[in-house]
Structures are given as C-alpha cells and as structure tokens.
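Each chain is listed here by its residues.
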Amino acid sequence: MTELASIAVAMNTSQTRTEASLAMVKQNADFQRLAVETLLETMDAVPAAPPGMGAQVDEYA
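Basis of the calculations
Residues numbered from 1 in each chain as written. Predicted model: local features only at pLDDT ≥ 70, side-chain atom pairs only at ≥ 80, totals over all residues. Heavy atoms only, no water. Helix = DSSP H or I, 4+ residues; strand = E, 2+ residues; numbered from the N terminus. Buried < 20%, exposed > 50% of the residue type's maximum accessible area, 1.4 Å probe, protein only. Salt bridge = Lys/Arg side-chain N within 4 Å of Asp/Glu carboxyl O.

Draft legend 1. Molecular detail of the environment of A35. Among the structural elements, A35 can be located in helix α1 (residues 2-45). Taking the relative accessible area as the measure of exposure, A35 reaches 40% and is therefore partly exposed. In this structure, the C-alpha to C-alpha distance between A35 and G54, residues 19 residues apart in sequence, is 29 Å.

Draft legend 2. Summary view of the pattern of salt bridges. For the coordinates displayed, the defined rule picks out 2 salt bridges. The shortest N-O distance in the salt bridge between D30 and K26 comes to 3.1 Å. You can see D30 and its partner K26 sitting in helix α1, 4 residues apart, about one turn around the helix. We classify D30 as partly exposed; its relative accessible area is 33%. Across the pair D30 and R33 runs a salt bridge, and its minimum N-O distance is 2.8 Å. Here D30 and its partner R33 are both found in helix α1, 3 residues apart, which amounts to about one turn of the helix.

Here it is as structure tokens:
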C-alpha cells in the first residue's frame, strides 16, 4: 500500500511541475509577444524620411 501511495505522490508532483513549466512557457511567450508589439508600435511612430532622402549614396561620407 505504501508503494501505491508513493506512486500517487510522485505523479502528483510530476503534474504540478508540468503545470508550472507550462505556465512559465506561456508567460515567456506573452512577454515576447508584448515586446514585439511594442517594437512594431515604436517603428510605426518614427516619422518617414523626406522624399528623395536615401536615393543617392555619398561614397565620401
């Protein structure tokens, strides 16, 4: 009977660790998604270059 109890405790511990790992993976994915969204918003907020700028390369610069 104690062997069965040990197996049940081990399975419960394993399930808890798996749930914690999944929660950490989800939190990491959410953080990365937020970082990308913030970066894209920042890129959209940057004003565009004036027309003609960057059309010619200055080789002496």
